[in-house]
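Below, each chain spelled out in residue letters.
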Amino acid sequence: IGSAGRFWPGLKAEDFEVLEEGVPQDLSYFANEKTPVTVLMLLDASSSIQRSLKGVKSAAVNFLRRLRVGDKAAVAFFNHEFRFATAFTDDQTLLAGGVKSMRASGLTALYDSVLTSLERLSTIDGRKALLVFSDGADSWPAEGGSESTMKDAFEGGKLSDASIYAIGFLGAMPQGYGVNRGFLKRLSRDSGGRAFFPKGTKELNKVFTQIHTELSSQYRMAYIPKNTEKDGGWRNIEVRIKGTTDLAARTRVGYYAK
């Protein structure tokens, strides 16, 4: 990506350097063509989103309508419970209807819902992404919040092969007030995704447009690790772009060698 956070086209395999635990790796696969993506849109339907419900629905529907031929999506809601509003489909009418059925009520079990979503995405082949729309806060377990912890959610993100995009949003409330930025930033960063914090519904539409652009414009690469030990340990990954300081690669931070 460039300094403005935009995708930089035209790079080739030889422009990248991939390191695992500081050791350079040899790429065995590289592609920059547009490939289909499966998206799970996870929308916070707790009572805290009530004032922004109309704008959230509109922006979500606009995002889903931009999906390309071959892409699929599903819509899920969460408050103190998690539920799917649609199955994975490319039917725009079904997806829009799923979003429009959302009602805001109850408390927030965010961590449990993230883990449930990632578990469902693990059964999907190909490129995939989780869009988490929330203020990043979780209610106390005794009050209907998650049984899992913030740490569990981070581990789930690191184990998953889905990219996570987080949108921290409270509508008309002052920017940042009540949004758990730290949680949403780390959750998305570890998976090679990104966190956004729009100030209102107009900016929310721009965020969804940017996420759609990123999902449809990515470099894909793979390598066979030089360290072949399957010891279950964590391996850090770093991707650099050679010959420039103006571009940076955003990718998964690592994997467990199992």
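Cut-offs and rules
Residues numbered from 1 in each chain as written. Predicted model: local features only at pLDDT ≥ 70, side-chain atom pairs only at ≥ 80, totals over all residues. Heavy atoms only, no water. pLDDT = per-residue confidence, 0-100. Contact = heavy atoms within 4.5 Å. Pairing = 2+ DSSP bridges. Helix = DSSP H or I, 4+ residues; strand = E, 2+ residues; numbered from the N terminus. Axes fitted to C-alpha atoms, helices over the stretch in contact; angles between N-to-C directions. Core = buried A, V, L, I, M, F, W, Y, C linked by side-chain atoms within 4.5 Å. Buried < 20%, exposed > 50% of the residue type's maximum accessible area, 1.4 Å probe, protein only. Phe/Tyr/Trp six-rings, centres within 6.5 Å; stacked < 30°, edge-to-face > 60°. Lys NZ or Arg CZ within 6 Å of the ring centre and 35° of its normal.

Visitor: Describe the confidence of the model for the chain, naming the residues involved and giving the relevant values.
Guide: Across the chain, pLDDT averages 87, with 92% of residues at or above 70. Here residues 171–177 scores under 50 on pLDDT; set against residues more than four positions off or in separate chains, the count is twelve contacts.

Visitor: So what about the sheet that holds strand 6 (residues 82–84)? Which residues, and what values?
Guide: On the basis of which strands lie adjacent, the open sheet formed by six strands has the order 6-5-4-7-8-9 and mixed pairing. The outermost strands of the open sheet, each flanked by one partner alone, are strand 6 and strand 9 (194–196). On average, each strand axis in the sheet is tilted by 20 degrees relative to the strand beside it, whichever way the strands run. As defined by bridge partners, strand 7 (residues 127–134) adjoins strand 8 (residues 163–168) across six bridges and the pair is classed as parallel. Looking at the pairing, Leu130 lines up with Ile164 of strand 8. Taken strand by strand, helix 3 (residues 110–121) contacts strand 4 (37–44), strand 5 (72–78), strand 6, strand 7 and strand 8, and its axis lies near 165 degrees from that of strand 7. Contacts from helix 6 (residues 201–216) reach strand 4, strand 7, strand 8 and strand 9, with the element oriented near 165 degrees to strand 7.

Visitor: Provide a residue-level description of the nonpolar core, including the pertinent values.
Guide: Phe63, Leu64, Leu131, Phe133, Phe208 and Ile211 are the most contacted members of the largest nonpolar core, which totals 34 residues. Per-element tally for this core: the top contributor is helix 1 (residues 53–65), with seven residues. Sequence-distant contacts of Ile211, that is, excluding residues within four places in its chain, are made with Phe63, Leu131, Tyr165, Ile167 and Phe196. With 25 residues, the next largest nonpolar core counts Ala76, Phe88, Ala195 and Phe197 among its residues.

Visitor: Please set out the packing of aromatic side chains residue by residue, giving values where relevant.
Guide: All chains considered together, the criterion is met by nine aromatic pairs. Ring centres of Phe82 and Phe84 lie 5.2 Å apart, and the angle between their planes is 85 degrees; on these two criteria the pair is classed as edge-to-face. Residue Phe84 is classed as partly exposed on the basis of its relative accessible area of 32%. Here the aromatic cluster, defined as three or more aromatic residues joined through ring pairs, consists of Phe16, Phe30 and Tyr219. In this structure, Lys158 packs its charged tip against the face of Trp234, placed 4.2 Å from the ring centre. Over the aromatic face of Tyr256 sits the side chain of Lys258, whose NZ or CZ is 5.6 Å from the ring centroid.

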